[in-house]
Amino acid sequence: AGLRLVDDAVRWAEEAGLTVFLQLHGAPGGQSGAQTTGFENKSWTAASFNASASVEILRKLAQRYAAAQNVIALGLLNEPELPVDTLLPFYEEAIRAIREHMPASRVAVVINLFSERGLLAIATDA
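Thresholds, definitions, all that
Residues numbered from 1 in each chain as written. Predicted model: local features only at pLDDT ≥ 70, side-chain atom pairs only at ≥ 80, totals over all residues. Heavy atoms only, no water. Phe/Tyr/Trp six-rings, centres within 6.5 Å; stacked < 30°, edge-to-face > 60°. Helix = DSSP H or I, 4+ residues; strand = E, 2+ residues; numbered from the N terminus. Buried < 20%, exposed > 50% of the residue type's maximum accessible area, 1.4 Å probe, protein only. Axes fitted to C-alpha atoms, helices over the stretch in contact; angles between N-to-C directions. Parallel < 35°, antiparallel > 145°, perpendicular 65-115°, else oblique. Left-handed = near helix turned anticlockwise from the far one by under 90°. Contact = heavy atoms within 4.5 Å. Nonpolar A, V, L, I, M, F, W, Y, C, P; charged D, E, K, R; others polar. Patch = residues over 30% accessible without salt bridge, like charges linked within 9 Å, V, L, I, M, F, W, Y side chains within 5 Å. Areas by Shrake-Rupley, 256 points an atom, 1.4 Å probe, with all protein chains shown as cover. Salt bridge = Lys/Arg side-chain N within 4 Å of Asp/Glu carboxyl O.

1. As for the packing of aromatic side chains
All told, the structure shown has two aromatic pairs when counted by the stated rule. On the numbers, 5.2 Å between centres and 85° between planes, the contact of F49 with F90 is edge-to-face. Residue F49 is located in the loop between β1 (20–23) and α2 (51–64), and its partner F90 is located in helix α3 (residues 84–99); the two are separated by 41 residues in the primary sequence. Among the residues examined, F49 registers a relative accessible area of 8% and is labelled buried. Relative to Y91, the ring of F90 has its centre 5.9 Å away and its plane inclined at 45°; by these criteria the two rings are tilted. We note that F90, like Y91, is buried. Clustering of aromatic rings is evident, with ring pairs tying together F49, F90 and Y91.

Have a look at this one:
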């Protein structure tokens with residue numbers, strides 16, 4: 001029933017002339033232990049994050065909404081607190097999965113650099 005609700009929301013938005021940004025707000029296993037994943041889990045660790053299941057969800061969303069002209073963006077994760085060596089390979093694989101069905105010329109892929117400390121260290125050699 002969950003995707004039918006998203007189907008309805010996408011259709012209603014189209015009827016109202018609105019665009020849609022879909023986001024994987026709560027990934028399988030969670031992308032953090034914070035409530036922003038849909039539930040707070042104080043015992044969460046990065047090993048809980050299921051990257052392959054998350055990629056498959058994004059692939060299925062891209063396939064399902066590829067023809068929906070009002071879907072203009074897919075967000076990969078909401079406020080991830082994952083190590084860079086987990087996050088970057090996930091982002092790369094997820095983007096490739098989305099691009100199988102949605103071209104860059106029409107749909108943006110949005111990455112969240114919520115905990116960018118590790119990325120900044122790489123970028124600045126700190």
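2. Side note on the packing of α2 against α3
Relative to each other, α2 and α3 sit at 25°, their axes nearing to 8 Å. Judged by the inter-axis angle, α2 sits roughly parallel to α3. The chirality of how α2 crosses α3 is right-handed. Here α2 contributes A51, S54, V55, L58, R59 and A62 to the contact with α3, which in turn contributes F90, E93, A94, A97 and I98. The residue makeup of the contact of α2 with α3, split by class, is eight nonpolar, one polar and two charged.

3. As for a nonpolar patch on the surface
Taken together, I95, I111 and L113 make up a surface patch of nonpolar side chains, about 220 Å² in accessible area. Look at I95 and you get partly exposed, because its relative accessible area is 31%.

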